[in-house]
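# Summary of the model geometry
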Amino acid sequence: VNAYMLTFGGFLLLGGRLGDLYGHRRLFLIGLVLFTLASLACGIANSQGVLIAARAVQGLGGAVVSAVSLSLIMNLFTEPADRAKAMGVYGFVCAGGGSIGVLLGGLLTSSLSWHWIFLVNLPIGVAVYALCVALLPNARGQAHGEKLDVAGAVTVTLSLMLAVYGVVNGNEAGWGSTQTLGLLGAAVVLLAIFITIEARVQHPLMPLGLFRLRSVSVANVVGVLWAAAMFAWFFISALYMQLVLNYTPMQIGLAFLPANIIMAVFSLGLSARLVMRFGIRKPLAAGLWLAAIGLALFARAPVNGSFVVDVLPGMMLLGLGAGMAFNPVLLAAMSEVDPADSGLASGVVNTAFMMGGALGLAVLASAAAARTGSMQAAGAQLPLALTGGYNLAFLVGAVFAALAGLLGALLLRTASPGSTQNDKNNSNNINNEEAAASASTANRAAAS
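Residues numbered from 1 in each chain as written. Predicted model: local features only at pLDDT ≥ 70, side-chain atom pairs only at ≥ 80, totals over all residues. Heavy atoms only, no water.

### Considerations on the overall build of the protein
Regarding its fold elements, the protein presents 18 helices and 0 strands. The proportion of buried residues among the 448 residues of the protein is 49%. For the protein, the share of sequence-separated contacts (at least 6 apart) that also reach a separation of at least 24 residues comes to 82%. Element-wise, carbon and sulfur atoms account for 69% of the exposed surface of the protein, whose accessible area totals about 20,000 Å². (Helix = DSSP H or I, 4+ residues; strand = E, 2+ residues; numbered from the N terminus. Buried < 20%, exposed > 50% of the residue type's maximum accessible area, 1.4 Å probe, protein only. Contact = heavy atoms within 4.5 Å. Areas by Shrake-Rupley, 256 points an atom, 1.4 Å probe, with all protein chains shown as cover.)

### With respect to the environment of Asp 20
The topology assignment puts Asp 20 in helix α2 (residues 12-22). Expressed as a C-alpha distance, the spacing of Asp 20 and Pro 339, which sit 319 residues apart in the sequence, is 8.3 Å.

### Points about the environment of Leu 122
The topology assignment puts Leu 122 in helix α7 (residues 121-135). Judged by relative accessible area, Leu 122 falls into the partly exposed class, the value being 23%. Through-space distance from the C-alpha of Leu 122 to that of Thr 36 is 5.8 Å; in sequence the pair is 86 residues apart. If sequence neighbours within four positions are ignored, Leu 122 has contacts with Thr 36 and Leu 40.

### A short note on unusual backbone geometry
Positive phi is not limited to glycine here, since Asn 246 has a value of about 65°. Take Asn 246: it is sitting in the loop between α11 (214-244) and α12 (249-278).

### A few points about the packing of helix α13 (residues 281-298) against helix α14 (residues 307-334)
Interaxial distance between α13 and α14 falls to 7 Å at its minimum, and their mutual angle equals 160°. As far as their axial angle goes, α14 and α13 are roughly antiparallel. When the axes of α13 and α14 are compared, the crossing they make is left-handed. The class makeup of the residues in the contact of α13 with α14 is 20 nonpolar, 4 polar and 1 charged. (Axes fitted to C-alpha atoms, helices over the stretch in contact; angles between N-to-C directions. Parallel < 35°, antiparallel > 145°, perpendicular 65-115°, else oblique. Left-handed = near helix turned anticlockwise from the far one by under 90°. Nonpolar A, V, L, I, M, F, W, Y, C, P; charged D, E, K, R; others polar.)

### What to know about a nonpolar patch on the surface
Together, Val 33, Leu 37, Leu 40, Ile 44, Tyr 129 and Val 133 make up a nonpolar patch on the protein surface, roughly 510 Å² of accessible area in all. Of all elements in the fold, only α3 (24-43) and α7 reach the threshold of two or more residues within the nonpolar patch. The element best represented in the nonpolar patch is α3, accounting for 3 residues. Relative to the assigned elements, Tyr 129 resides in helix α7. (Patch = residues over 30% accessible without salt bridge, like charges linked within 9 Å, V, L, I, M, F, W, Y side chains within 5 Å. Salt bridge = Lys/Arg side-chain N within 4 Å of Asp/Glu carboxyl O.)

### What to know about the packing of aromatic side chains
One pass over the full model with this rule turns up 6 aromatic pairs. Between Trp 233 and Phe 256, the ring centres sit 5.8 Å apart and the planes meet at 65°, which makes this aromatic pair edge-to-face. Of the two residues, Trp 233 is situated in helix α11 and Phe 256 in helix α12; the sequence distance between them amounts to 23 residues. Owing to a relative accessible area of 3%, Trp 233 belongs among the buried residues under this scheme. With relative accessibility at 1%, the residue Phe 256 sits in the buried group. (Phe/Tyr/Trp six-rings, centres within 6.5 Å; stacked < 30°, edge-to-face > 60°.)

### Notes on the nonpolar core
Of all hydrophobic cores here, the largest spans 79 residues; its most connected members are Trp 226, Trp 233 and Met 241. Broken down by element, the residue count for this core peaks at 16 residues, all from α11. Among residues more than four places away in sequence, those in contact with Trp 233 are Ala 238, Phe 256, Ala 259, Met 263, Leu 295, Phe 298, Met 315, Leu 318 and Phe 394. If you look at the next biggest cluster of nonpolar residues, it comprises 15 residues, including Tyr 4, Val 167, Ala 187 and Ala 362. (Core = buried A, V, L, I, M, F, W, Y, C linked by side-chain atoms within 4.5 Å.)

### A few points about the packing of α11 against α14
In the contact formed by α11 and α14, the axes pass within 11 Å of each other and the chain directions differ by 155°. It follows that α11 is roughly antiparallel to α14 by the angle criterion. As for the relative orientation of α11 and α14, their crossing is left-handed in sense. Residue-level contacts link Ser 215, Val 216, Ala 219, Val 222, Trp 226, Met 230, Trp 233, Ser 237, Tyr 240 and Met 241 of α11 to Val 311, Met 315, Leu 318, Ala 322, Ala 325, Phe 326, Val 329, Ala 332 and Ala 333 of α14. Grouping the constituent residues of the contact of α11 with α14 by class yields 17 nonpolar, 2 polar and no charged.

### Concerning the confidence of the model for the protein
Looking at the protein, the pLDDT average stands at 81 and 88% of residues meet or exceed 70. Per-residue pLDDT stays below 50 along residues 417-448; that stretch engages in 27 contacts with residues further than four places along the chain or on separate chains. (pLDDT = per-residue confidence, 0-100.)

### Here's the deal with the pattern of salt bridges
Applying the stated rule across the entire model yields 1 salt bridge. The closest approach of N and O atoms between Asp 310 and Arg 300, which form a salt bridge, is 3.0 Å. Here the residue Asp 310 occupies a position in helix α14, and Arg 300 occupies one in the loop between α13 and α14, the gap between them amounting to 10 residues.

### Quick word on the environment of Val 311
Within the element layout of this structure, Val 311 appears in helix α14. By relative accessible area, Val 311 is classed as buried at 0%. Along the chain, Val 311 and Phe 256 lie 55 residues apart, while their C-alpha atoms are 9.4 Å from each other. Those residues in contact with Val 311 that lie beyond four places of it in its chain are Tyr 240, Met 241, Leu 245, Phe 298 and Ser 306.

### As for the side chain of Arg 25
Structurally, Arg 25 can be placed in helix α3. Taking relative accessible area as the criterion, Arg 25 reaches 12% and is therefore assigned buried. A polar atom in the side chain of Arg 25 sits 3.0 Å from the backbone oxygen of Leu 136. Among the polar contacts listed, one links the side chain of Arg 25 to the side chain of Asn 138, at a separation of 3.3 Å. (Polar contact = N/O pair within 3.5 Å; in protein donor to acceptor, adjacent residues only side chain to side chain.)

Set out below in structure tokens:
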């Protein structure tokens, strides 16, 4: 797991920028081939070393695919309504994949063997490759002609990998240990060197002006907080159901099904309509606040909780909130970005989600463990102590989600999902009459 997280987190930014330089379709196919071949190696691995190495390569392929996929959508669908619908389908696929993965993974492992959770990727990879070749236009990168910032690529990739390794091993090694502090300190130093390089180099890997766009900065902060809350929900609620309520793995998978179904259905149709009707800001804030209420319900879950009263209501609110907020967060992170930087912006928002989830889970798991330990020391039985720890983690997760919603509501502009930085630059060149006509048309569209 850590090998995959290291390469996945480390190469998101570089993968996105390579797509901008050399073509998003080309990089998507390269990442897909890497991921599929690494899945084969994982499936036939006969030693721990081979499996870990193959997982690292799989993470590299996954990073490239994840970083480029959003930029492909943003560049293929340029009309606001089409883009909102496409992002809704993307959210539907993510939620549907979560539902299928939880159930299919358990089914394959229990009925066949763990090898098949990797081998099942082979026919999927071949089918996706064939469809990409047939359907995606083979356009060159929007930033074609620029040189790759090698120094920036090396420093930011090493910084992210060290940060991920420090975080995922923080609980085990200790957050105050020399190893954890050294890794995180080195990551910060490399990040500072990276920013210095980017401010001076002619063709930076990450143009620092990207973060002057309010939507990009706010969306990524919101993404970090939301990912921390969602990872807390997914991981800690599974522990609560398994260790306190004594659910089997298959029962836990089925318990998540209502939330994932609601999330998938909402993402597919209703989310796009909400964005077109209210813009990005209001659905994002409302969705995150619903998710915060769902986490708050989990924070009061008792030792002898029942599914209908103590699990299902929180699951449904979290599914509804995630279904509402997923599309607006991604649109906010990408909508004002120049097409030449879309791959980079996609990599940035994916990095924000991944790092937010890893950091949030580490912090919340530590808080839960500390609360459980103190309750046991005070004489509480293990189920009660575990519940107390999980309740605290859910409560902190609810605060993260509520804060993310508040930041989105206060700081995001209400923008069309199709407006880009290029659109703004071009609009400065048209005459006053055309500008007035465009504003009138936009107002009529918003009113409808």
